[in-house]
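Here is how the chains run, residue by residue.
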Amino acid sequence: MRMGRDMKMSLHRLRFQTIESRTRALFFLFLAASCHGRDLTGNWVARDPQPDGTSRDTYLDLKQEGSRIRGHIRVTQYYYNVVESTGGPDNFTLICSMMDGHNERRVEYQVKLVGDEVHVATRRRPGSELIEMVAHPAPPGEGTLPQRLPLPEPHAVPDNGLARTPPMGWNSWNKFAGRVDDAALRAIADAMASNGMKEVGYEYVNIDDTWQAGRDAQGNITSNKKFPDMKALADYVHSKGLKIGIYSSPGPKTCAGYEGSYGHEEQDAKTYAAWGFDYLKYDWCDARNLYTDEEMRAVYQKMGDALRKAGRPILYSLCQYGRAEVWKWGALVGGNAWRTTGDIRDSWDSMSKIGFSQDELAPFAKPGHWNDPDMLEIGNGGMNDDEYKTHMTLWSILAAPLLAGNDLREMSPGIAAILTNREVIAIDQDSEGKPGRRVSKSGDQEIWAKPLSGGRQAVALFNRGSEPALITVKWSILGLKSTPAHARDLWKHADLKLYGTDYSATVRSHDVVFIRISD
Ligand code: GLA
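The paragraphs below set out a description of the structure included in this document. (Residues numbered from 1 in each chain as written. Predicted model: local features only at pLDDT ≥ 70, side-chain atom pairs only at ≥ 80, totals over all residues. Heavy atoms only, no water.)

Our next topic: the site of the ligand. Close contacts around the ligand come from 13 residues, with Asp208, Asp209, Lys281, Asp283 and Asp343 the closest. Here an oxygen atom of the ligand sits 2.5 Å away from a polar atom, N or O, in the side chain of Asp343. Protein coverage of the free-state accessible area of the ligand, which is 310 Å², stands at 92%. Of the residues assigned to the shell around the ligand, the class counts are 7 nonpolar, no polar and 6 charged. (Near = heavy atom within 4 Å. Polar contact = N/O pair within 3.5 Å; in protein donor to acceptor, adjacent residues only side chain to side chain. Areas by Shrake-Rupley, 256 points an atom, 1.4 Å probe, with all protein chains shown as cover. Nonpolar A, V, L, I, M, F, W, Y, C, P; charged D, E, K, R; others polar.)

Right, let's get into the pattern of salt bridges. For the structure on display, the rule yields 37 salt bridges. Arg323 is paired through a salt bridge with Asp293; the nearest N and O atoms lie 3.0 Å apart. Linking Arg323 in the loop between strand S15 (315-319) and strand S16 (337-339) with Asp293 in the loop between strand S14 (279-283) and helix H6 (296-309), this pair joins segments that are 30 residues apart in sequence. By the burial criterion, Arg323 is buried, and Asp293 matches it. The residue Arg508 makes a salt bridge to Asp511 at a minimum N-O spacing of 3.2 Å. Judged by its relative accessible area of 47%, Arg508 is partly exposed. Looking at Asp511, the relative accessible area reads 6%, which means it is buried. (Salt bridge = Lys/Arg side-chain N within 4 Å of Asp/Glu carboxyl O. Helix = DSSP H or I, 4+ residues; strand = E, 2+ residues; numbered from the N terminus. Buried < 20%, exposed > 50% of the residue type's maximum accessible area, 1.4 Å probe, protein only.)

Looking now at helix H5 (residues 265-275). Glu265, Asp268, Ala269, Thr271, Tyr272, Ala273 and Trp275 are the residues of H5 that are buried. Tucked into the core, H5 has its buried residues touching strand S11 (212-215), strand S12 (221-223), helix H4 (230-239), strand S13 (243-248), S14 and H6. (Contact = heavy atoms within 4.5 Å.)

Let's shift gears to the pairing of strand S22 (residues 469-474). Of the two faces of S22, the one lined by Ala469, Ile471 and Val473 is fully buried and the one lined by Leu470, Thr472 and Lys474 carries no buried residue. Summarising the sheet, S22 and strand S25 (residues 502-507) pair through 6 bridges and their orientation is antiparallel. In the sheet register, Lys474 faces S25, and the bridge partner there is Asp502. (Pairing = 2+ DSSP bridges.)

Attention now goes to empty space enclosed by the protein. Counting across every chain of the model gives 4 cavities of 30 Å³ or more. Here the largest cavity defines a volume of roughly 60 Å³. Asn171, Tyr279, Lys281, Ser317, Cys319, Arg339, Asp372, Asp374, Met375 and Leu403 together form the lining of the largest cavity. Contributions of two or more residues to the lining of the largest cavity are made by S14 and S15. (1 Å grid on protein atoms, 1.4 Å probe; cavity = no way out; pocket = protein on both sides within 12 Å on 5 of 7 lines; lining within 4 Å. Points joined across faces, edges and corners; volume = space filled by probe spheres on them.)

What follows covers the environment of Phe92. Structurally, Phe92 is set in strand S5 (residues 91-100). Take Phe92: its relative accessible area is 1%, and that puts it in the buried class. A C-alpha to C-alpha distance of 9.1 Å links Phe92 and Arg68, two positions 24 residues apart in sequence. Sequence-distant contacts of Phe92, defined by excluding residues within four places in its chain, comprise Leu40, Gln64, Ser67, Ile69, Thr86, Gly87, Tyr109, Gln110 and Val111.

On to the packing of aromatic side chains. Applying the stated rule across the entire model yields 12 aromatic pairs. Ring geometry for Trp211 against Trp275: centres 5.7 Å apart, planes inclined by 80°, an arrangement best described as edge-to-face. Placement of Trp211 in the loop between strand S10 (204-206) and S11 and of Trp275 in helix H5 is noted, with a sequence separation of 64 residues between them. Accessibility assignment for this pair places Trp211 and Trp275 in one class, buried. Feature note: the residues Tyr282, Trp284, Tyr291, Tyr300, Tyr316 and Trp329 constitute an aromatic cluster, connected by ring pairs. The side chain of Arg105 reaches across the aromatic face of Tyr78, ending 4.0 Å from its centre. A cation over an aromatic ring shows up here: Arg186 above the ring of Tyr236, its NZ or CZ 4.9 Å from the ring centre. (Phe/Tyr/Trp six-rings, centres within 6.5 Å; stacked < 30°, edge-to-face > 60°. Lys NZ or Arg CZ within 6 Å of the ring centre and 35° of its normal.)

Okay, here's the thing in structure tokens:
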């Protein structure tokens, strides 16, 4: 049978098309294989959806050459370089490193290709629980670190006139961490307004990390499911006669991996003002991946300027863990307070290490601008009441912000009495604004003194040891020539009659005797 010319042509076309589509299919297969199928080369993401509607993502941007793997891993505030890879296709071990200021942080990731997925296992810290996740191909570039932004020249941001005495209030992080939501915040405001705390000066109710969703089409920051209406929440807190605080980071991501203010500083400051916020805690976090410690000042100045322009007084609290000698420039960037240390934990060890290490920072604090040794852990359960008394005394002697960090809805009377001791709070809030100093140390016993308005002094006799101790303070080491005429025990709420050249008290282990003296 003879084929007509047309038929031959269409057969030819068909064969050609088949070859073409087969080639195309093969080409895509090859592409897929070379991107994600054959080895670990590619951009991968393991998504971990959160109940608040956000997703905690781990990005692995990897390049495999034989059995060597290079690249980056990014999760929350961490951006690691893969610096070492060992093992083979059925399990690679990647040693990942990042610089955190001048310190190196290392973690290990195990990765293996299974079909078109990457199975990932890691531990946050050596010895902590194993976290396993599955990563899938991510669009190229998604999750990579953005460019650094140009930084402003240094100048002095004008004083906003706030925080003439150390800020007082509450912050969600220590007790609630990622579980804070609108209902909890309202309940805390209710408690603060009705349990006596407001009367003794607690004022700010502050939301810490994990409130953010992302950005809308205009780049405005949005809150996640836990906080359906930030303006309504601020109105509610204000209706209780209290103020409200918010949290962000100069980095693209906050420490918990939520949206930061990077590149949106002015826009965010305006949003906070429009919502009615009165306080911003600005946490370095992911900014460490873009800027050096030496550049912190310029980065913080940028938000200081943005807050000044926002049209509402907003207390500015710097949180960069006391790096780059922040006490020397914190006030110049508009800061009302600056963290002087890493994060506090609810333990005697953590609290006492922080509290007793602040002596030399005393000269840098003044009305409007305070050293911040981190929030209070009083009432969170990791210390006994004597230790919490020491915590409250130390923070007051240091003229530190008093931001309670416990669940104010369920406080024991003992804890409430510690947090609301007016006489101790008055030391913290003294109008002179001068932090106290260590005046003597003998083994585990320390005496600290704080100058107060009207020529008075607050004197604390601390026993850091594990046995009761007799501690004696001589009036001469406080610069006094004679016995003070008046003395008050601030924890016993009792006047004391003083005689002679000194005062002695037996102080229980981890407890304190706190007195105020005057002529
Ligand atoms: C850092 C801060 C903490 C808290 C967390 C939130 O660790 O120092 O006070 O804000 O981030 O992620």
